[in-house]
Amino acid sequence: MIAEHHDSTSMEHELRRRIQIKQSQLQIAVEGNMPHVAQGLQSQLAELQTQIKSEPESDFQALMNLVDD
C-alpha cells in the first residue's frame, strides 16, 4: 500500500514537472510569435492539467481500498 502511495506521488510530481516545462515552452512560443506552436502547446498543457486534476480521485480510491481491507 505504501508503494502505491509512492507511485501516486511520483506520478503527480512528474505531471507537475511536465506542466512547468510546457508552460515555459508556451511562453517562448508566444514571445517568439509562433502561434501554431503555441496553440499545440496549449492543447498539451490542458491535457496535462486534466490528468493532474483527476489524480486526487485515484488517491481517494486507494484510500477507500485501504478502508475496505
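Overview of the structure.

Conventions and cut-offs
Residues numbered from 1 in each chain as written. Predicted model: local features only at pLDDT ≥ 70, side-chain atom pairs only at ≥ 80, totals over all residues. Heavy atoms only, no water. Helix = DSSP H or I, 4+ residues; strand = E, 2+ residues; numbered from the N terminus. Buried < 20%, exposed > 50% of the residue type's maximum accessible area, 1.4 Å probe, protein only. Contact = heavy atoms within 4.5 Å. Areas by Shrake-Rupley, 256 points an atom, 1.4 Å probe, with all protein chains shown as cover. Core = buried A, V, L, I, M, F, W, Y, C linked by side-chain atoms within 4.5 Å. Patch = residues over 30% accessible without salt bridge, like charges linked within 9 Å, V, L, I, M, F, W, Y side chains within 5 Å. Salt bridge = Lys/Arg side-chain N within 4 Å of Asp/Glu carboxyl O.

### Some details on the overall build of the protein chain
Next, step 1: Tallying secondary structure elements over the protein chain gives two helices and zero strands in all.
Next, step 2: For the protein chain, the proportion of its 69 residues judged to be buried stands at 16%.
Next, step 3: In the protein chain, the share of contacts with a sequence separation of at least 24, taken over all contacts with a separation of at least 6, comes to 59%.
Next, step 4: About 5,500 Å² of surface is accessible on the protein chain, with carbon and sulfur atoms providing 56% of the total.

### Comments concerning the nonpolar core
Next, step 1: Membership of the largest hydrophobic core is limited to nine residues, which are L15, I19, L26, A29, A38, L41, L45, L48 and I52.
Next, step 2: Take this core: its biggest share by element is five residues, from helix α2 (residues 35-68).
Next, step 3: Every residue in contact with L26, bar those within four places of it in the chain, is listed here: A38, L41, Q42 and L45.

### Observations regarding unusual backbone geometry
Next, step 1: Of note in the backbone geometry, N33 takes a positive phi value of approximately 55 degrees without being a glycine.
Next, step 2: Structurally, N33 is set in the loop between α1 (2-31) and α2.

### What to know about the environment of V37
Next, step 1: In this structure, V37 sits in helix α2.
Next, step 2: Expressed as a C-alpha distance, the spacing of V37 and Q25, which sit 12 residues apart in the sequence, is 9.1 Å.

### Notes on the environment of I19
Next, step 1: Summarising the element assignment, I19 is placed in helix α1.
Next, step 2: Remark: the alpha-carbon pair of I19 and I52, spanning 33 residues in sequence, is separated by 9.3 Å.
Next, step 3: The residues touching I19, leaving out its near neighbours within four places in the chain, are L45, L48, Q49 and I52.

### Topic: a nonpolar patch on the surface
Next, step 1: Taken together, the side chains of I28, M34 and V37 define a hydrophobic patch exposed on the protein surface, amounting to about 260 Å² of accessible area.
Next, step 2: Within the element layout of this structure, M34 appears in the loop between α1 and α2.

### Regarding the pattern of salt bridges
Next, step 1: Applying the stated rule across the entire model yields two salt bridges.
Next, step 2: The closest approach of N and O atoms between R17 and E14, which form a salt bridge, is 2.9 Å. Of this pair, R17 and E14 both sit in helix α1, separated by three residues, roughly a single helical turn.
Next, step 3: The exposure class of R17 is partly exposed, given its relative accessible area of 38%.
Next, step 4: Residue E14 is classed as partly exposed on the basis of its relative accessible area of 30%.

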